[in-house]
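These are the residues of each chain, in order.
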Amino acid sequence: MSRIYLETLIEADIQTVFDLARNIDLHQQSTSRTHEKAIAGRTSGLIEENETVTWRAKHLGVYQTLTTKIISMEKPNQFTDEMQKGAFKSLHHQHIFKIVNDKTMMTDIFDFESPLGIIGKIFNKLFLRNYLKKFLMERNRLIKTIAESKHRQ
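Because the structure is predicted, anything quoted here is derived from the model rather than measured.

Asks: Quick question: what am I supposed to make of the packing of aromatic side chains here?
Replies: How two aromatic rings sit relative to each other is given by the distance of their centres and the angle of their planes. Under the defined criterion, the tally for this structure stands at seven aromatic pairs. Between Phe 18 and Phe 97, the aromatic rings sit 5.3 Å apart at their centres with planes inclined by 75°, giving edge-to-face as the arrangement. One end of the pair, Phe 18, is in helix H1 (residues 14–21); the other, Phe 97, is in strand E6 (residues 90–100), and 79 residues separate them in sequence. Neither residue differs from the other here; Phe 18 and Phe 97 are each classed as buried. Their ring planes at 40° and their centres at 5.6 Å tell us that Phe 123 and Phe 127 sit as a pair that is tilted. Of this pair, Phe 123 and Phe 127 both sit in helix H3 (residues 117–152), separated by four residues, roughly a single helical turn. A residue is classified by how much of its surface remains accessible, and Phe 127, at 33% relative accessible area, is partly exposed. A network of ring pairs unites the aromatic residues Phe 18, Phe 79 and Phe 97 as a single cluster. One Lys or Arg, Arg 56, reaches over the ring of Tyr 63 and ends 4.0 Å from the middle of that ring.

Asks: Is there a simple way to think about the sheet that holds strand E2 (residues 37–41) in this case?
Replies: One key point about sheets: their strands pair by backbone hydrogen bonds, in either a parallel or an antiparallel sense. Taking strand neighbours across the sheet as the criterion, the seven strands line up as E1-E7-E6-E5-E4-E3-E2 in an open arrangement whose pairing is antiparallel. Strands at the two margins of the open sheet, each flanked by one partner only, are strand E1 (2–10) and E2. Averaged over all neighbouring strand pairs, the angle between strand axes comes to 25°, with direction disregarded. The strands that H1 touches are E1, strand E4 (62–74), strand E5 (78–85), E6 and strand E7 (103–113); relative to E6, the one it contacts most, it runs at about 165°. Along the sheet, H3 makes contact with E1, strand E3 (52–59), E6 and E7, crossing E1 at roughly 20°.

Asks: Would you explain the pattern of salt bridges in this entry?
Replies: Oppositely charged side chains are able to pair whenever their charged atoms sit close together. In the structure shown here, the tally under the stated rule is nine salt bridges. Where Arg 42 meets Glu 51, a salt bridge forms, and the shortest distance between an N and an O atom there is 3.2 Å. Residue Glu 113 is joined to Lys 89 by a salt bridge in which the shortest nitrogen-to-oxygen separation is 3.7 Å. Of this pair, Glu 113 sits in strand E7 while Lys 89 sits in the loop between E5 and E6, and the two are 24 residues apart along the sequence. With a relative accessible area of 57%, Lys 89 lands in the exposed category. Three or more residues are tied together by salt bridges with common partners; here these are Asp 19, Arg 22, Glu 48 and Lys 75.

Rules used in this analysis
Residues numbered from 1 in each chain as written. Predicted model: local features only at pLDDT ≥ 70, side-chain atom pairs only at ≥ 80, totals over all residues. Heavy atoms only, no water. Phe/Tyr/Trp six-rings, centres within 6.5 Å; stacked < 30°, edge-to-face > 60°. Helix = DSSP H or I, 4+ residues; strand = E, 2+ residues; numbered from the N terminus. Buried < 20%, exposed > 50% of the residue type's maximum accessible area, 1.4 Å probe, protein only. Lys NZ or Arg CZ within 6 Å of the ring centre and 35° of its normal. Pairing = 2+ DSSP bridges. Axes fitted to C-alpha atoms, helices over the stretch in contact; angles between N-to-C directions. Contact = heavy atoms within 4.5 Å. Salt bridge = Lys/Arg side-chain N within 4 Å of Asp/Glu carboxyl O.

Right, here's the structure in full:
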């Protein structure tokens, strides 16, 4: 199992950051380079606990689908999504939000495992972990930009 741990400090209130992080439309905007689109389940707006979303995106030159479900949510402190169907052997993503000196610390704990045994583990180390980290960081930059621009208004 591989883990990506990211912290992003955002100058905005916790509710705004929490809502942006679970916004399907913002996610699609942040992933435009992979042509990611919500095609089933919740396809726009704010995803809620027990809802699913199926994404279609082009990764590594191949279109793939991935269905995730929000398995827990405690507004505005955390939500967790987990893969129900897709190319990974497993995928579990915790989104945690805490107030730190009138700002919001957004923490991602992204655990994933590729299929194909030892070949998958090598692929994770050589390529996939960095690819997914950049993917998450791009999303987080957009959340930060939007949240901080709303905060200044």
